[in-house]
Amino acid sequence: MVSDFVVGAMRLLVLAAGLSLAACKPSPEGGDAGGGAARWAEADRLLNAALADPKSWATYNGTYMEQRYSRLDAINRGNVAGLKLAWSYDFDNARGQEATPLFVDGRLYVTSAWSKVAALDAATGKPLWTFDPKVPKEKGFSGCCDAVNRGVAYYDGKVFVGTIDGRLIALDAATGAQVWSVQTTDPAQPYTITGAPRAFRGKVLIGNGGAEFGVRGYVTAYDAGTGAKVWRFYTVPRNPALGPDGEISDEPLKQAAGSWFGKFWVANAGGTVWDSMVYDPELNQLYLGTGNGSPWNHKIRSEGKGDNLFLSSIVALDPDTGKYKWHYQVNPGESWDFTATQQIVLADLKIDGKPRKVLMQAPKNGFFYVVDRTSGKLISAKNYGPVTWATGIDLKTGRPIENPEARYATKPFLNIPGGGGAHNWMPMSYSPQTGLVYIPAQILAQGYANDPAFQVRPGTTNLGVDTRPTGLPAGGPQLAAIGKMMTGTLVAWDPVKQTTAWSVPRGKSWNGGVLSTAGGLVFQGTHDGQFLAYDALTGKELWQFPTQAGVMAGPMSFELNGKQYVAVLAGFGGAGIALPSFDGPHPQPNGRVLVFALDGKASLPAFASQVAPLAIVQGNWSAATISQGEALYAANCTRCHAAGGLASGVTPDLRRSGVLGDADSWRQIVIGGALKDSGMIGFDKYFDAAGAEAIRGYVATRARQAKEAGGS
């Protein structure tokens, strides 16, 4: 932290240099015109003060350590049973809600689906201002996982939000007025932004998503005052015929190019940084978690050869310049959508009797990694849940010991975990009090089979994988078997011993993020609409609250006027909309902010879920047509309407669609884009009217099968 004396001295130096500096362009250090180092030193001082204050929650994961641990203890093991709802605030949509609110100066700053922002009075929930970036709804098609947003960054009196159509917008924190906006992506490509920006040292950092759709990953640092680009780092090489990018990543990518083969650039290779970006002020390093390849299938993407740097990696950069420092690759030659974008937590641990500065990650692949953050050297790695793709991690090389069959080169493979991961984006928490990491873990199996007929389809998913269960029909017993394996578990993990301290199974997978507190508590929301508190040492359930909607978001805690509060967003969706719901759809109320206190007196209004009946349609589709429809559905519809047509209710269950019996209306929607303003684009670029009719036949068959099985 910079002292007041130093800040004052720097201000005098700036004044002595002359106010004419105000006309200068932004400096590469992130200082803007006229403010220079002094302004950003003051902004950093104020932000650091907020981050050091246990009453505040001024960045997405609480502090720069990203531990999701609150030092507040007024709510504790002894009294949490008396926790009550203090207030709630309803959003205007029922899509997935993934944000964690920030608490700064008596206000909560929070985002909702479609990249909307609200500032709320933290004591009452009264809206102080709202901001709608007016994202075109058809842009939702470019999102792999709903129209979600995970939150804002706060810096220098501004709130920063990334939008699903690729903008980074700075808002005045007091009024919500737009200060500046920059398009961070090529609008012609299927990039999206769903993650929370990070702000530090006069800069705002943002990544993007879209690897499955055929984009090339990168992160960009912008000047917090002006929005001018400071530096950009690409995570994978591009077509060598195009030459270097002219960015700070050129030199490391020159070395990385030797780990790629074939025409990998045709689908732009992926490697997006869509969630984890961590600034380490102690070492002045920046850590990026990079994503999967495009296409998924390594055999197609890179002729089955090479590590494909920097996919599925933790990459360390200089935060001021973006210069490469080191990397650790979690999955060389990644082939399963095993991203390393999951939360990176910084901590100081005593390992083998010696203090170590480490980073910790529980990525999708099911192993928990402890890495020396000064050097990038792997310290330890053990699986925190069941895995079938590998038997362990070789600590000498840092590489996984793979099951050869897992690469599905010659026959299908049922993998645990699947692309949904043993842990996805839902944030975990590290408690320095207990020394445990609390992981929202899950078992999600998935079948992988090579797709010999794969062709790149610009603008939509490019997997190179037949993801139907082991390549067999989605309507068969394989889907039901996989459904029975879908479970969620809160795992308390000892990162030093690399063992489970305790675990609590919690029904369905895709449960919410985690908060641990100095009150000896762990908070987590669930897929089935509960918000719970557990004893951090034993896992004993101490309190629960019915939220009416599934909870995915990570909770947070703050103190205002001497009172501790706990807050979380309710609203199911995200990638969870692709998970089949075997017990039928569960429509939910609009998303909400829920805020709790020991003296809370609020309650939620009653909500009755209404489900349309199965649409039983008579048709003369042949078995070949239905099979074609199944394949087209799997390739184009699953990520929004769920495997096998078993939608959760966030997006429509097509087996219950009112237009399923009308071929013309179905065609106008599916091909013509009649509902594009609601997020349902027309698919005329990807298949024709006959293909739409084949999908209708498949969905109608699934509806009839559900009816025959006793559904309604």
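For the structure, check the block above.
Residues numbered from 1 in each chain as written. Predicted model: local features only at pLDDT ≥ 70, side-chain atom pairs only at ≥ 80, totals over all residues. Heavy atoms only, no water.

**A word on the packing of helix 8 (residues 663–670) against helix 9 (residues 689–708)**
Consideration 1: As a packed pair, helix 8 and helix 9 sit with axes 10 Å apart at the nearest point and diverge in direction by 115 degrees. By crossing handedness, the relation of helix 8 to helix 9 is classed as right-handed. Facing Ala663, Trp666, Arg667 and Val670 of helix 8, the residues of helix 9 in contact are Ala689, Ala692, Glu693, Ile695, Arg696 and Val699.
Consideration 2: Of the residues in the contact of helix 8 with helix 9, the class split is seven nonpolar, no polar and three charged. (Axes fitted to C-alpha atoms, helices over the stretch in contact; angles between N-to-C directions. Helix = DSSP H or I, 4+ residues; strand = E, 2+ residues; numbered from the N terminus. Left-handed = near helix turned anticlockwise from the far one by under 90°. Contact = heavy atoms within 4.5 Å. Nonpolar A, V, L, I, M, F, W, Y, C, P; charged D, E, K, R; others polar.)

**Notes on the packing of aromatic side chains**
Consideration 1: In total, this model carries 33 aromatic pairs according to the counting rule given.
Consideration 2: On the numbers, 5.4 Å between centres and 80 degrees between planes, the contact of tryptophan 543 with phenylalanine 596 is edge-to-face. Here tryptophan 543, found in strand 37 (residues 541–546), pairs with phenylalanine 596, found in strand 40 (residues 592–597); they are 53 residues apart in sequence, far enough to count as distant.
Consideration 3: Its relative accessible area of 0% is what places phenylalanine 596 among the buried residues.
Consideration 4: With centroids separated by 5.6 Å and ring planes inclined at 15 degrees, the aromatic side chains of phenylalanine 683 and phenylalanine 687 adopt a geometry described as stacked. Grouping residues by exposure puts phenylalanine 683 and phenylalanine 687 together as buried. (Phe/Tyr/Trp six-rings, centres within 6.5 Å; stacked < 30°, edge-to-face > 60°. Buried < 20%, exposed > 50% of the residue type's maximum accessible area, 1.4 Å probe, protein only.)

**Comments concerning the state of the cysteines**
Consideration 1: Summed over all chains, the structure comprises one disulfide.
Consideration 2: Across the disulfide, cysteine 144 is cross-linked to cysteine 145 (sulfur-sulfur distance 2.0 Å). Here the S-S torsion is close to -90 degrees, and the disulfide linking cysteine 144 with cysteine 145 is therefore left-handed.
Consideration 3: Between cysteine 637, a cysteine without a disulfide, and cysteine 640, which holds the nearest cysteine sulfur, the sulfur-to-sulfur distance is 8.6 Å. (Disulfide = S-S within 2.5 Å.)

**Points about the packing of helix 6 (residues 623–636) against helix 9**
Consideration 1: Two elements in contact, helix 6 and helix 9, have axes separated by 7 Å at closest approach and are oriented at 95 degrees. It follows from the interaxial angle that helix 6 and helix 9 lie roughly perpendicular. Here helix 6 contributes Thr625, Ile626, Gln628, Gly629, Glu630, Leu632 and Tyr633 to the contact with helix 9, which in turn contributes Gly691, Ala694, Ile695, Gly697, Tyr698, Val699 and Thr701.
Consideration 2: Looking at side-chain class alone, the contact of helix 6 with helix 9 contains seven nonpolar, six polar and one charged residues. (Parallel < 35°, antiparallel > 145°, perpendicular 65-115°, else oblique.)

**Remarks on unusual backbone geometry**
Consideration 1: With an omega dihedral of 0 degrees, the bond running from leucine 309 to phenylalanine 310 counts as a cis peptide bond.
Consideration 2: Here phenylalanine 310 lies in the loop between helix 4 (298–301) and strand 19 (313–317).
Consideration 3: That bond from isoleucine 416 to proline 417 is cis: its omega, 0 degrees, falls within 30 degrees of zero.
Consideration 4: Position of proline 417 among the secondary structure elements: in the loop between strand 27 (413–415) and strand 28 (429–431).
Consideration 5: Backbone geometry places serine 115, a non-glycine residue, at a positive phi of 65 degrees.
Consideration 6: Along the polypeptide, serine 115 turns up in the loop between strand 4 (107–112) and strand 5 (116–121).
Consideration 7: Look at serine 115 and you get buried, because its relative accessible area is 0%.
Consideration 8: The phi dihedral of arginine 201 is positive, around 50 degrees, even though this residue is not glycine.
Consideration 9: Checked against the element boundaries, arginine 201 lands in the loop between strand 11 (198–200) and strand 12 (203–206).

**Quick notes on the side chain of histidine 298**
Consideration 1: Tracing the chain through its elements places histidine 298 in helix 4.
Consideration 2: Residue histidine 298 is classed as buried on the basis of its relative accessible area, which comes to 5%.
Consideration 3: Those residues in contact with histidine 298, other than ones at most four positions away along the chain, are Glu303, Gly304, Lys305, Gly306, Asn308, Gly333, Glu334, Ser335 and Arg407.

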